Amino acid sequence: MSKFGVMVMGPAGAGKSTFCASLITHLQLNRRSCFYVNLDPAAESFEHAPDLDIKDLISLQDVMEEMGLGPNGGLIYCFEFLMENLDFLTEALDSLTEEYLIIFDMPGQIELYTHVPILPALVKFLTRSGSLDIRLCAAYLLEATFIVDRAKFFAGTLSAMSAMIMLEVPHINILSKMDLVKDQVRKKDLKRFLTPDTGLLDDDPDEIARRKAEGVTEEEDEAANPQDKDAVMRGSSFRQLNRAVANLIENFSMVSYLKLDVQDEDSVGAILSYIDDCIQYHEAQEPKELKDEEFDDMDEIDG
Ligand SMILES: Nc1nc2c(ncn2[C@@H]2O[C@H](COP(=O)(O)OP(=O)(O)OP(=O)(O)O)[C@@H](O)[C@H]2O)c(=O)[nH]1
Ligand SMILES: [Mg+2]
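Residues numbered from 1 in each chain as written. Chains lettered and ligands numbered in written order. Predicted model: local features only at pLDDT ≥ 70, side-chain atom pairs only at ≥ 80, totals over all residues.

## A word on the sheet that holds strand β7 (residues 257-259)
The strand order β3-β2-β4-β1-β5-β6-β7 describes an open sheet built from seven strands, whose pairing is parallel. Looking at which strands have only one partner, the edges of the open sheet turn out to be β3 (52-53) and β7. Inspection of the sheet shows strand β6 (residues 171-176) paired to β7 by three bridges, in the parallel sense. Residue pairing across strands places I174 opposite L258, the latter belonging to β7. Relative to the sheet, helix α13 (residues 265-279) contacts β1 (3-9), β5 (134-143), β6 and β7, its axis offset from that of β5 by approximately 140°. (Pairing = 2+ DSSP bridges. Helix = DSSP H or I, 4+ residues; strand = E, 2+ residues; numbered from the N terminus. Contact = placed C-beta atoms within 7 Å. Axes fitted to C-alpha atoms, helices over the stretch in contact; angles between N-to-C directions.)

## A short note on the site of ligand 1
Looking at ligand 1, there are 16 residues lining it, with G15, K16, S17, T18 and G108 nearest. Residue contributions to the shell around ligand 1 peak at three residues, all from helix α1 (residues 16-29). When its residues are assigned to classes, the shell around ligand 1 shows five nonpolar, seven polar and four charged. (Near = placed C-beta within 6 Å. Nonpolar A, V, L, I, M, F, W, Y, C, P; charged D, E, K, R; others polar.)

## As for the packing of helix α3 (residues 71-84) against helix α6 (residues 118-128)
In contact at an axis separation of 10 Å, α3 and α6 are set at 30° when each is read in the N-to-C sense. Taken together, α3 and α6 sit at an angle that is classed as roughly parallel. Considering only the axes of α3 and α6, their crossing is left-handed. Here α3 contributes I76, F79, E80 and M83 to the contact with α6, which in turn contributes I118, A121 and L122. The residue makeup of the contact of α3 with α6, split by class, is six nonpolar, no polar and one charged. (Parallel < 35°, antiparallel > 145°, perpendicular 65-115°, else oblique. Left-handed = near helix turned anticlockwise from the far one by under 90°.)

## Some remarks on the domain arrangement of the chain
The domain architecture assigned to the chain consists of domain 1 (3-195 + 255-302) and domain 2 (197-253). Each partner contributes to the interface: domain 1 provides 10 residues, whereas domain 2 provides nine residues. With seven residues, helix α7 (residues 150-167) is the single largest residue contributor to the side of domain 1 that touches domain 2. Along the lines of polarity and charge, the residues of the side of domain 1 that touches domain 2 split into six nonpolar, two polar and two charged. (Domains from an automatic or database assignment.)

## Some thoughts on unusual backbone geometry
Even without glycine at this site, R31 takes up a positive phi of about 55°. Mapped onto the fold, R31 is located in the loop between α1 and β2 (34-38). For R31, a count of 10 C-beta atoms within 10 Å gives the class exposed. Here the phi dihedral of K177 falls at roughly 55°; this positive angle occurs in a residue that is not glycine. Residue placement: K177 occurs in the loop between β6 and α8 (187-194). (Buried ≥ 20, exposed ≤ 12 C-beta atoms within 10 Å, placed from the backbone.)

What follows is the structure in structure tokens.
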């Protein structure tokens with residue numbers, strides 16, 4: 001029996017839990033089954049109560065108090081504990097049929113997606129351990145407001161790419177909170193961020209304005225000695241670093257984004273279609289027998 005899932009990841013406050021909630025609402029409206037797993041041991045409140053909550057295994061608060069750890073060290077401890085108690089997941093997920101979409105709501109600590117090897121081990125367990133064998137899609141969220149600062153946008157994109165390379169499962173990247181930038185950024189400009197390339201640094205309006213204010217040409221700017229600049233985040237080494245990161249992202253050519261507006265039912269539906277395609281959800285579904293009331297609904301639609 002195949003199982004299907006999506007792991008919702010991304011930096012702190014990217015809108016992961018909000019997206020999970022709107023995905024669940026959308027699935028329910030479309031009469032689809034889902035199973036919501038909260039894996040954030042610090043999460044307090046939920047729009048939909050989780051079907052499985054890591055806090056029933058271990059709570060970050062307890063770990064911090066008893067082990068004397070801070071929030072980030074505490075989180076890593078919680079995940080190590082989860083990895084030693086994987087029955088907690090197996091027992092809850094084992095009986096789910098292929099109809100279910102299992103939604104994993106992840107914490108926002110960036111180290112989980114960059115260099116700590118716990119998440120690859122967890123994903124390997126979920127996807128390749130004999131008993132669960134979940135067809136999993138990773139959904140990495142980045143706040144659309146990052147596009148306002150292009151250096152920040154590339155840094156965020158690098159973290160998305162790092163997660164893609166580390167996890168080795170089908171992966172989609174999502175620019176969340178589109179409602180916050182919709183009115184500020186022109187559609188044509190926004191499109192360029194969906195498949196990021198180095199050109200975004202060449203015509204960065206902030207950089208152009210700064211050069212104008214300082215009265216330097218682009219060539220003079222490039223040739224400037226890094227020691228001449230007092231501001232680390234504006235100096236030429238900073239620009240070179242950004243360019244190197246942007247080049248790396250462009251050369252790998254792995255990251256492109258989908259747009260998400262959680263208030264818009266169609267937008268959530270479109271993302272769900274991508275997830276379904278990634279994990280080939282529909283191919284595995286048995287033809288369903290309609291219940292009597294669903295027959296009535298169909299009759300009404302047919303008129
Ligand atoms: N305007 C707007 N705000 C949003 C959207 N999605 C989330 N938010 C807000 O952003 C904040 C963080 O949202 P969460 O869904 O908790 O983000 P998260 O990624 O789960 O956060 P952590 O689990 O703490 O890493 C909350 O105040 C949300 O109300 C969105 O699409 N638009
Ligand atoms: Mg959350």
